[in-house]
Amino acid sequence: MPAIKILVVDDEPDVREICSRGLQQMDYGVAKAASGQEAVAMATQEPFDVLLVDIMMPGMDGLQTFQAVKSLQ
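What counts and how
Residues numbered from 1 in each chain as written. Predicted model: local features only at pLDDT ≥ 70, side-chain atom pairs only at ≥ 80, totals over all residues. Heavy atoms only, no water. Salt bridge = Lys/Arg side-chain N within 4 Å of Asp/Glu carboxyl O. Helix = DSSP H or I, 4+ residues; strand = E, 2+ residues; numbered from the N terminus. Buried < 20%, exposed > 50% of the residue type's maximum accessible area, 1.4 Å probe, protein only. Pairing = 2+ DSSP bridges. Axes fitted to C-alpha atoms, helices over the stretch in contact; angles between N-to-C directions. Lys, Arg positive; Asp, Glu negative; His and termini not counted. Polar contact = N/O pair within 3.5 Å; in protein donor to acceptor, adjacent residues only side chain to side chain. Expected span 1.5 Å × (residues − 1). Arc of directions from axis to C-beta.

Draft legend 1. Highlighting the pattern of salt bridges. Tallied over the full model, the rule gives 3 salt bridges. We note a salt bridge from Glu17 to Arg21, for which the minimum N-O separation is 3.3 Å. Of the two residues, Glu17 and Arg21 are both situated in helix H1 (residues 13-25); the distance of 4 residues between them amounts to about one turn of the helix. Across the pair Lys32 and Glu17 runs a salt bridge whose closest N-O atoms are separated by 2.9 Å. With Lys32 in strand E2 (residues 29-33) and Glu17 in helix H1, this pair connects stretches of sequence that are 15 residues apart. Judged by its relative accessible area of 35%, Lys32 falls in the partly exposed class. Among the residues examined, Glu17 registers a relative accessible area of 28% and is labelled partly exposed. Among the charged side chains, a salt-bridge network with shared partners connects Glu17, Arg21 and Lys32.

In structure tokens:
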């Protein structure tokens, strides 16, 4: 089990997948979310060590997402 868990949040599937693959190849535990809302829901289920978040997303932007997840953890 990887020691560091990273949550990759991006509304663009290709960007989300490229980032995830690169991190997985470096043996990080990676979870993916397509929106800020999905990321917050995931963070209520398990803690993450690092958030890699797109700043410009529709709905909840990256900064709002970070603040919401930070308040949970």
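Draft legend 2. Quick peek at the sheet that holds strand E3 (residues 50-53). The strand order across the open sheet built from 3 strands is E2-E1-E3, with neighbouring strands paired in parallel fashion. In this open sheet, the two edge strands, each paired with only one partner strand, are E2 and E3. Strand-to-strand, the axes of this sheet are offset by a mean angle of 20 degrees, without reference to chain direction. Pairing analysis gives 4 bridges linking strand E1 (residues 5-9) to E3, with the strands arranged parallel. Residue pairing in the sheet places Val8 in a bridge with Leu52 of E3.

Draft legend 3. Broad picture of the side chain of Asp10. Secondary-structure assignment places Asp10 in the loop between E1 and H1. One buried charged residue, Asp10, remains without a salt bridge, the closest side chain of opposite sign being Arg16 at 5.7 Å. Within the structure, Asp10 has its side chain in polar contact with the backbone nitrogen of Glu12 (distance 2.8 Å).

Draft legend 4. Region of the structure containing H1. Relative to the 18 Å expected for 13 residues at 1.5 Å per residue, H1 spans 18 Å between its end C-alpha atoms, a close match to the ideal helical length. Among the residues of H1, Arg16, Ser20 and Leu23 are the ones counted as buried. Buried positions in H1, seen along its axis, are confined to an arc of 70 degrees and lie on one side of it. Pointing more than 90 degrees away from the buried face of H1 are the exposed residues Asp14, Ile18, Arg21 and Gln25.

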